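Structural overview for review
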Amino acid sequence: MDYRDHYPATLRWLSHLVDICLALGGFSIVTLVFCNAWLRGFAGFDLAWSLEVTSFLLLWSTFIGCAAAVARGAHMRVTEVVEKLVPLTGQRVLSIAIDVIIVVLLLSLIYTGVNISVHTWAQKTTVLYWPVGLLYASMPAGMTLTLIFHLFNMVYDLKNPVVPHAAHSDGGEALS
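1. What to know about the packing of helix H4 (residues 88-120) against helix H6 (residues 138-159)
- Two elements in contact, H4 and H6, have axes separated by 9 Å at closest approach and are oriented at 160°. Considering their axes alone, H4 and H6 lie roughly antiparallel with respect to each other. Handedness of the H4/H6 crossing: left-handed.
- In terms of residue class, the contact of H4 with H6 is built from 16 nonpolar, five polar and three charged.

Here is the structure:
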């Protein structure tokens, strides 16, 4: 279920900002890789800095993309077994437990990412001399955005129970 239609204006704006960053990052990655390959093949040289920039963009896009997927409710779920073996009330309890585990996991990733970023901030990359901690800061930044979206989605799901997947061809509908 795409949660973005149910977001308040600020969260919808944040989701759009994430989407714009992902589109620009993806376009930049493709452009840099294509231009660098073209230069290497036809001009006989390459841009050394493009590899560092591309790796930064790839890592940031990965973690920011996680937040975009959560906002869309697009992370993979395998619900068939649970729907067949667990009664509806048990499914709700299991869903809440999984949401809480995800919150704990995200908080742990944020904490760990901040520590790694802080401890590597003094190190510099080889070509551009950017702080290595900036590369690692992608994890706590992306996981913080993911946590924001996940918390809203979790509260929304608590307020709006979902009919089991088997009853609908599109993955379940809210009962409201």
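2. So, the nonpolar core
- If you look at the biggest cluster of nonpolar residues, it comprises 13 residues, and the most contacted ones within it are Tyr 7, Leu 11, Leu 14, Val 18, Leu 145 and Phe 149.
- For this core, the secondary-structure elements that each account for two or more residues are helix H1 (9-43), helix H2 (48-72) and H6.
- Residue contributions to this core peak at five residues, all from H2.
- Beyond its immediate stretch of four places on either side in the chain, Phe 149 contacts Tyr 7, Leu 11, Leu 14, Ser 15, Val 18, Ala 67, Val 70 and Ala 71.
- Within the second largest apolar cluster, nine residues are counted, among which are Phe 63, Ile 110, Met 139 and Met 154.

3. Observations regarding H4
- Helix length check: H4, at 33 residues, gives a terminal C-alpha distance of 47 Å against a target of 48 Å (1.5 Å per residue), a fit within 8%.
- Regarding H4, the residues found buried are Gln 91, Asp 99, Val 103, Leu 106, Ile 110, Gly 113, Ser 117 and Thr 120.
- Buried residues in H4 make contact with helix H3 (80-85), helix H5 (132-136) and H6.

4. Brief notes about the packing of H1 against H6
- H6 packs onto H1 with a crossing angle of 140° between their chain directions and a minimal axis gap of 12 Å. The orientation of H1 with respect to H6, classified from their angle, is oblique. Relative to H6, the crossing made by H1 is left-handed. On H6, the residues that touch Leu 11, Leu 14, Ser 15 and Val 18 of H1 are Leu 145, Ile 148, Phe 149 and Phe 152.
- Of the residues in the contact of H1 with H6, the class split is seven nonpolar, one polar and no charged.

5. Description of the side chain of Thr 146
- Topologically, Thr 146 is positioned in helix H6.
- Taking relative accessible area as the criterion, Thr 146 reaches 2% and is therefore assigned buried.
- In this structure, Thr 146 is in contact with Phe 63, Cys 66, Ala 67, Val 70 and Leu 106, ignoring residues within four places of it in sequence.

6. Re a nonpolar patch on the surface
- Residues Ile 96, Val 100, Val 104 and Leu 158 make up a contiguous nonpolar surface patch of about 310 Å² in total accessible area.
- Sort the elements by how many residues they give to the nonpolar patch and H4 lands first, with three residues.
- Residue placement: Val 100 occurs in helix H4.
- A residue is classified by how much of its surface remains accessible, and Val 100, at 43% relative accessible area, is partly exposed.

Thresholds, definitions, all that
- Within each chain, residues carry numbers counting from 1 in the order of the written sequence.
- Two thresholds apply to this predicted model, a pLDDT of at least 70 for residue-level local features and 80 or more for giving and counting side-chain atom pairs, whereas whole-chain, interface and lining totals are computed over all residues.
- The basis for every side-chain value is the complete set of non-hydrogen atoms in the structure, without hydrogens or water.
- Axes, fitted as lines to C-alpha atoms, cover a helix only where it is in contact. Angles between the N-to-C directions of the axes lie from 0 to 180 degrees.
- Here a helix means four or more residues in a row that DSSP labels H or I, a strand means two or more in a row labelled E, and each is numbered from the N terminus.
- The scheme is simple: roughly parallel for angles under 35 degrees, roughly antiparallel for over 145, roughly perpendicular for 65 to 115, oblique for anything else.
- Crossings are classed by handedness, with left-handed meaning an anticlockwise turn of the near helix from the far one by less than a right angle and right-handed meaning a clockwise turn.
- For this scheme, ten residues count as nonpolar: Ala, Val, Leu, Ile, Met, Phe, Trp, Tyr, Cys and Pro. Four count as charged, namely Asp, Glu, Lys and Arg, and the remainder, Gly too, count as polar.
- In this text, buried Ala, Val, Leu, Ile, Met, Phe, Trp, Tyr and Cys residues form a nonpolar core when linked through side-chain atoms within 4.5 Å.
- The buried label goes to any residue with under 20% of its type's maximum accessible area, the exposed label to any with over 50%, and the partly exposed label to all in between, with areas taken from a 1.4 Å probe on protein chains only.
- The contact definition used throughout considers only heavy atoms, calling two residues in contact when any of these lie within 4.5 Å.
- Helix span is expected to be 1.5 Å times the residue number reduced by one.
- Residues enter a patch when their relative accessible area is above 30% and they make no salt bridge; the linking distance is 9 Å between like charges and 5 Å between nonpolar side chains (Val, Leu, Ile, Met, Phe, Trp, Tyr).
- Only the protein chains shown count as cover for residues, with accessible areas throughout obtained via the Shrake-Rupley method and a probe of 1.4 Å.
- A carboxyl oxygen of Asp or Glu within 4 Å of a side-chain nitrogen of Lys or Arg is what we treat as a salt bridge.

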